[in-house]
Amino acid sequence: MLTNRYLTLNLLNNVPLEEYNKYKNSLQTDIKLINNHTKIEELDSFNIITMKQASEIKKQYIKHENFFKKLMKGEYDKMQNLSFDIIRFAFSIYYNKKPYLSDMTQLAQYGILQVGVLGLRGIKWNFASDCLAHSLQEKAEDIIITEGEEIDKIIENEEFKLKINEIIKKYEKQHSFSTGKEKESITFKDPNLFHILNSLEENKKMKHGIWILH
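Given the structure is predicted, the values throughout are model-derived calculations rather than measurements. (Residues numbered from 1 in each chain as written. Predicted model: local features only at pLDDT ≥ 70, side-chain atom pairs only at ≥ 80, totals over all residues. Heavy atoms only, no water.)

1. So, the packing of helix H4 (residues 51–63) against helix H8 (residues 99–122)
Condition: Every axis in this analysis is a line fitted to C-alpha atoms, fitted for helices over the stretch in contact. Angles between the N-to-C directions lie between 0 and 180 degrees. Helix numbering and strand numbering both begin at the N terminus, where a helix is a DSSP run of H or I of at least 4 residues and a strand a DSSP run of E of at least 2. Angle categories are assigned with fixed cut-offs, so that under 35 degrees is roughly parallel, over 145 is roughly antiparallel, 65 to 115 is roughly perpendicular, and the rest are oblique. It is the rotation of the near helix from the far one that decides the hand of a crossing: anticlockwise by less than a right angle makes it left-handed, clockwise makes it right-handed. The contact definition used throughout considers only heavy atoms, calling two residues in contact when any of these lie within 4.5 Å.
With their axes 9 Å apart at the nearest point, H4 and H8 run at an angle of 20° to one another. Relative to H8, the element H4 lies roughly parallel. For the element pair H4 and H8, the recorded crossing hand is right-handed. Taken together, the residues of H8 that come into contact with H4 (itself represented by Gln 53, Glu 56, Ile 57, Gln 60 and Tyr 61) are Tyr 100, Leu 101 and Met 104.

Written out as C-alpha cells, the structure is:
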C-alpha cells in the first residue's frame, strides 16, 4: 500500500497543475497513516485516485506540456496556433467522462476559449470578444445593455426591422405577448450581430446570459 501510494504521488508530482493538489494532499495524508496494521479501506486516497489513473494524467500532461505551461503563465497570445490534438483532448466526451481527467480537459477548454477571445478581437468582433471574455470570469454576472453602439446597430439592422414588423402584425390585436412563451427569435446575417442578439429564448436559458433591453 505504501509503495502504491508513494508511486502514485510521484506520478502526480510531475503534473504542476493546482487542480491536482487535492489528489496530492490526499495521498500525502494516507502515506503518513500507513503502518503494518493499516487496512486499505481506511485510506481515502484509494477511492480518489489509482496509480493507473495517475499515470494517464501524467501522460496527457506531458503530451500537451507546452500548451499548459503557456496557459499557466497567461500567455494566450502565444497559444494561437493550437494543435488539433489539444482541441480534440479538451472537448473529448471520452476524456471528459473520466473524473480524474475532467479537471485537465476543463482547464484546456478555458485556455482554448481565451485564445478565441483574441481571435474574435483580431477580426474586429469586439462585442463578441468582450462577451466571451466576460463569460470566462469565475463569477460572471448577466450583462444588461440598454443603450450604446450595439443597441443602435440592432435597431438599424434590416433583419431586426422586418422581425419587429412581423411581430407587430402577428400580435396587433393583443395587448401584450411574451417572447419567451412564443419563442420568437431572429437570425442576423451579420456574424457580430448574431453574437449580440440571436435568440431571446436561448438567452434566458443561459447561466450568464446576455440581456439586451430597449
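2. Section: the confidence of the model for the protein
Heads up, the condition is: The predictor attaches a confidence to each residue, called pLDDT, with possible values from 0 through 100.
Of all residues in the protein, 80% have pLDDT values of 70 or greater, and the mean over the chain is 83. A low-confidence stretch, residues 197–214 (pLDDT under 50), is modelled with 46 contacts involving residues beyond four sequence positions or located in other chains.

3. A short note on the packing of aromatic side chains
Definition in use: Each Phe, Tyr or Trp ring, with Trp reduced to its six-membered ring, pairs with another whose centre is within 6.5 Å; inter-plane angles below 30 degrees give stacked pairs, above 60 give edge-to-face pairs, and intermediate values give tilted ones. By the criterion adopted, a ring carries a charge over it if an Arg CZ or a Lys NZ lies within 6 Å of its centre and within 35 degrees of its normal.
All told, the structure shown has five aromatic pairs when counted by the stated rule. One aromatic cluster is present, formed by Tyr 61, Phe 67 and Phe 68 through successive ring pairs. One cation-aromatic arrangement involves Arg 5 over Phe 46; the distance from NZ or CZ to the ring centre is 3.9 Å.

4. What about the nonpolar core?
Counted only if it meets this: Only buried residues count toward a nonpolar core, which is a set of Ala, Val, Leu, Ile, Met, Phe, Trp, Tyr and Cys residues joined through side-chain atoms within 4.5 Å. Between buried and exposed lies partly exposed: a residue is buried under 20% and exposed over 50% of the maximum accessible area for its type, with that area taken using a 1.4 Å probe on protein chains only.
Counting residues in each nonpolar core, the largest one holds 28 residues, and the members touching the most others are Leu 17, Ile 49, Ile 57, Phe 67, Phe 68 and Met 104. Take this core: its biggest share by element is seven residues, from H8. Residue contacts for Ile 57: discarding those within four places in its chain leaves Leu 12, Val 15, Tyr 20, Ile 49, Tyr 100, Leu 101 and Met 104.

5. A short note on the pattern of salt bridges
Quick reminder of the rule: What makes a salt bridge here is a side-chain nitrogen of Lys or Arg within 4 Å of a carboxyl oxygen of Asp or Glu, nothing more.
Going through the model one piece at a time under the given rule, you end up with nine salt bridges. Ionic pairing is found between Asp 85 and Arg 88, a salt bridge with its closest N-O pair at 2.9 Å. One end of the pair, Asp 85, and the other, Arg 88, are both in helix H6 (residues 84–90), three residues apart, so they sit about a helical turn from each other. According to the relative accessible area criterion, Asp 85 is partly exposed, its value standing at 35%.

6. Remarks on the packing of helix H1 (residues 2–12) against H4
Convention followed: Side-chain classes follow a simple rule in which Ala, Val, Leu, Ile, Met, Phe, Trp, Tyr, Cys and Pro form the nonpolar group, Asp, Glu, Lys and Arg form the charged group, and the remainder, Gly included, forms the polar group.
Put simply, H1 and H4 touch, their axes get as near as 8 Å, and they point 15° apart. Considering the angle they form, H1 stands roughly parallel to H4. Considering the relative orientation of H1 and H4, their crossing is left-handed. On H4, the residues that touch Asn 4, Arg 5, Leu 7, Thr 8, Leu 11 and Leu 12 of H1 are Met 51, Ala 54, Ser 55, Ile 57 and Lys 58. Its residues assigned to classes, the contact of H1 with H4 comprises six nonpolar, three polar and two charged.

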